[in-house]
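Chains, contacts and geometry: an overview
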Amino acid sequence: MGPPLKIQIEQKTKEVQKLRNELEEEMDREMRPLLETMESQLDKLTMKELAEARSKKKVSPGIRETFQLLHFVLDDPTPHPRDSDDWRRLGFDHKLVERMKTYDRDDVKDVVFRKLEIFVAEPDPDLEPPAKGEFGDIVVAKVALKWMRALYAYSSLAFFALRAKAAQAAEPKTAQVKSEKRHWFPIASTLELDPQRPTPVRLDGVDLVVWQVPGEEDAEDEGWRVMSDACPHRLAPLSEGRIEPTTKCLQCAYHGWEFNSEGHCTKIPQVEEAAAEKMRQNSRSQVRSFPTKIAMKLVWVWLGESEPQGHPKDLVKGSHLESEFEVAGTYTRDLPYGYDSLVENLIDVSHVPFAHHGLQGTRDDAVPVSMTIPEMKSSNEHGEILSFTFWDRTMGMRREAQFSLRSPFFFFYLGEFKGDGDNLEFKKFSERRGSTEPDGKPRFRLNCACVPVAPGWSRLILANASRGGQSGSILPPWAIHLLSNRFLDSDLAFLHYQERKLRAKAAGPDGWSSAYYMPGESDRSIGAWRQWLAKEKARCVDPEVPLPPSPLAREDLLNRWEQHTASCRHCREAFSNMELVQKAAAALFLVGLAGAQTQLAPTFLSLPSELLGALGMAGTEFLKQEFRFRDYEHFKT
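In what follows, the accompanying structure is described. All values reported here derive from a predicted model rather than from experimental measurement.

Calculation criteria
Residues numbered from 1 in each chain as written. Predicted model: local features only at pLDDT ≥ 70, side-chain atom pairs only at ≥ 80, totals over all residues. Heavy atoms only, no water. Helix = DSSP H or I, 4+ residues; strand = E, 2+ residues; numbered from the N terminus. Buried < 20%, exposed > 50% of the residue type's maximum accessible area, 1.4 Å probe, protein only. Contact = heavy atoms within 4.5 Å. Areas by Shrake-Rupley, 256 points an atom, 1.4 Å probe, with all protein chains shown as cover. Phe/Tyr/Trp six-rings, centres within 6.5 Å; stacked < 30°, edge-to-face > 60°. Lys NZ or Arg CZ within 6 Å of the ring centre and 35° of its normal. Pairing = 2+ DSSP bridges. Axes fitted to C-alpha atoms, helices over the stretch in contact; angles between N-to-C directions. Parallel < 35°, antiparallel > 145°, perpendicular 65-115°, else oblique. Left-handed = near helix turned anticlockwise from the far one by under 90°. Nonpolar A, V, L, I, M, F, W, Y, C, P; charged D, E, K, R; others polar. Core = buried A, V, L, I, M, F, W, Y, C linked by side-chain atoms within 4.5 Å.

**Description of the overall build of the chain**
Looking only at helices and strands, the chain features 19 helices and 19 strands. Burial statistics for the chain: of 637 residues in total, 47% are counted as buried. A separation of at least 24 residues holds for 66% of the contacts in the chain among residues at least 6 apart in sequence. Put simply, the chain shows about 32500 Å² of open surface, and 54% of that area lies on carbon and sulfur atoms.

**Digging into the packing of aromatic side chains**
Pairs of aromatic rings are described using the distance from one ring centre to the other and the angle between the two planes. One pass over the structure, following the stated rule, counts 17 aromatic pairs. Ring geometry for Phe411 and Tyr413: centres 6.1 Å apart, planes at 90°, overall edge-to-face. On the basis of relative accessibility, which here comes to 1%, the residue Phe411 falls in the buried class. Ring geometry for Trp529 versus Trp532: centroids 5.8 Å apart, planes at 15°, classification stacked. Of this pair, Trp529 and Trp532 both sit in helix α15 (residues 524-535), 3 residues apart, which is roughly one turn of the helix. Against the face of Phe444 rests Arg399, its NZ or CZ located 4.5 Å from the ring centre.

**Comments concerning unusual backbone geometry**
Not every positive phi belongs to a glycine, and Lys248 is a case in point at roughly 60°. By secondary structure assignment, the location of Lys248 is in the loop between β5 (242-244) and β6 (249-251). One non-glycine residue with positive phi stands out, namely Lys297, at about 65°. Mapped onto the secondary structure, Lys297 falls in the loop between β10 (292-295) and β11 (298-301).

**Some remarks on the sheet that holds β10**
Taken together, 3 strands build an open sheet; the order of strands is β1-β11-β10 and the sheet is antiparallel. Lying at the two open borders of the sheet, with one neighbouring strand each, are β1 (185-189) and β10. Averaged over neighbouring strand pairs, the angle between their axes works out to 35° when direction is ignored. Pairing analysis gives 4 bridges linking β10 to β11, with the strands arranged antiparallel. Note that in β11 the partner of Ile294 across the bridge is Val299.

**Some remarks on the packing of helix α10 (residues 339-346) against α15**
Here α10 crosses α15 at 150°, and the two axes come no closer than 9 Å. In terms of orientation, α10 and α15 fall into the roughly antiparallel class. Seen from above, α10 lies across α15 with right-handed handedness. Contacts from Tyr339, Asp340, Ser341, Val343 and Glu344 in α10 reach Ile526, Trp529, Arg530 and Leu533 in α15. Among the residues forming the contact of α10 with α15, the class breakdown is 5 nonpolar, 1 polar and 3 charged.

**Details of the pairing of β11**
Burial of β11 is two-sided: the residues Leu298 and Trp300 facing one way and the residues Val299 and Val301 facing the other way are all buried. The sheet contact formed by β1 and β11 spans 4 bridges and is antiparallel. Across the sheet, residue Phe185 finds its bridge partner in β11, namely Val301.

**Considering the pairing of strand β18 (residues 443-454)**
With 12 of 12 residues buried, β18 lies mostly within the body of the structure. Note: strand β17 (residues 410-418) against β18, 7 bridges, orientation antiparallel. The residue bridging Gly415 from the neighbouring strand is Phe444, located in β18. In this structure, β18 lies alongside strand β19 (residues 457-467), joined through 7 bridges in antiparallel fashion. In the strand pairing of β19, Cys448 is matched with Leu462. Hairpin connection of β18 to β19: 2 residues between the antiparallel strands, including Gly456 at a positive phi of 80°.

**Quick word on the environment of Arg363**
Here Arg363 is to be found in the loop between α11 (352-355) and β13 (370-371). Residues Arg363 and His351, 12 residues apart in the sequence, show an inter-C-alpha distance of 9.6 Å. Those residues in contact with Arg363 that sit more than four places away from it in its chain are Pro353, Phe354, His357, His634 and Thr637.

**Quick notes on the sheet that holds β5**
Hydrogen bonding along the main chain pairs the strands of a sheet, whether they run parallel or antiparallel. Spatially, the 4 strands line up as an open sheet ordered β5-β6-β7-β8, and their pairing is antiparallel. Sheet topology places β5 and β8 (265-267) at the edges, where each strand pairs with a single neighbour. Sheet topology places strand β7 (residues 258-259) next to β8; 2 bridges connect them, and they run antiparallel. Bridge pairing links Phe259 to Cys265 in β8.

**Points about the nonpolar core**
Judged by nonpolar contacts, the single largest core of 62 residues is most densely connected at Ile187, Tyr413, Cys450 and Trp529. Contact partners of Cys450, with chain neighbours within four places excluded, come to Tyr339, Leu342, Val343, Leu346, Phe409, Phe411, Arg459 and Leu460. Ranked by size, the runner-up nonpolar core spans 17 residues in total, among them Met296, Leu315, Ala449 and Ala463.

As structure tokens, this is what we get:
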């Protein structure tokens, strides 16, 4: 004879309660994070995309609403549904809705569990929900636990199936805005890229690799390709690989997979060729290759999903860069402040006498700056989309110049100095840039490509143009780059910290107007740029995305090696040559020292060898340091 009925009921009640507790603990531990993630993804899907996902059996009918229901059960402090119509829309009949209005929180949870069971496990649709006050059966509790686990597994699959779709529908925090996607991005200089190796570049937070296909140097695009910097096999960076000369393909250094200029996989060494051929037909074996153009000696890439529009060379129609001048030299540097701050600084004409004292004029050049009211047009239009004229003084001469923004990422200055070309400061400036004029009149030209890289990072490409595309500078490219490094170092630190102070002080993306105090006429260009940026919705980084932490050491903030040298073939080659010279100088020093110690060589030979060797080692070490880091301290200038 078994225990009394009362005891049996108590035992069964305890078992049911134990299973209830287990179920709720499992939900809190495993389901809640998944539900929150899944719901955030599903909320970003359009109704059309959701319908497509349902039709492909990737998500069960009502699962989106069910997740909202679960959040009501888990998190809503009120015990009753907010809106009866919402419950009916989910498939709850009228009588059930009215009954649920009298339920307490646990009763509502029971109903939701039973409804979820229908969604996931598809049991008998005629199952009746428990009446108010019913504890249910231990079998029901076990079934609830079973389908709750099934829901967890199903939801995981649904989440991964929908994640890619949701990512496309959602606006990523660091995504470029629509106006930028309608433009060509300048990404690198063909004069600085090494054609013998793949080069990593980052653009708008996206890692890309640039490489040149051997044998296609005479093609219109000179054989340059821009592709995603990740091998589809195991996501190793393709920029760490090599260009295979026999196949003219980009080879991944991890497992040897190869990809042609279109991004198609051409070799999988780990399997037999017959099997590899089938594997290569799968679209997942491909690397995305982006449309690429060459203009003004720069590599331009189209990141938009739409078909490319126009050609980058159209940006300079009607300007000096279309007819008289060609790009003769470039200088590229990644900078630890954002694209909007980079352009803002480059169109701030009044900072030059102070920020670049001794590099382009001096502090004594500072005079009141006159400026026209900037004109703004839509970035969809051709020609000047933001322009102004200003009058100032630099290098001891008055200057009149025009600024012309031709795309969100490319602009130039064109001006004339009102003075004597015999000015010593200007002669130095001209020799450095190789900008000589047939008529002897001193002129000012500055061509800039400004590239968004990532939050708190941008890339500047300076393009020096001359008649016929021949550099008139007596200096080699690496020496010009060292001077350019010094020039950008002179305002790099306070631009980096200024951006962070603006972010902290500004209330919202347009808070610059209240954070900045700009009463002068020379500040018109700054206000115009910020207004144009907001109007075009061309912010490259969402203001809500946090900036990376500032480097603790100045060596990291002004790191010339990472920001320029490592990706410049001229500077890398010069650095390698200096290492060879340094080794030769060390050998000369040791030979002289050995000759003096052993008296095998007379003093008049050994002593000069020691001195020349020591000077050679010290001199090359000094120059090598210029490629790595050199601090800039304004109080010493």
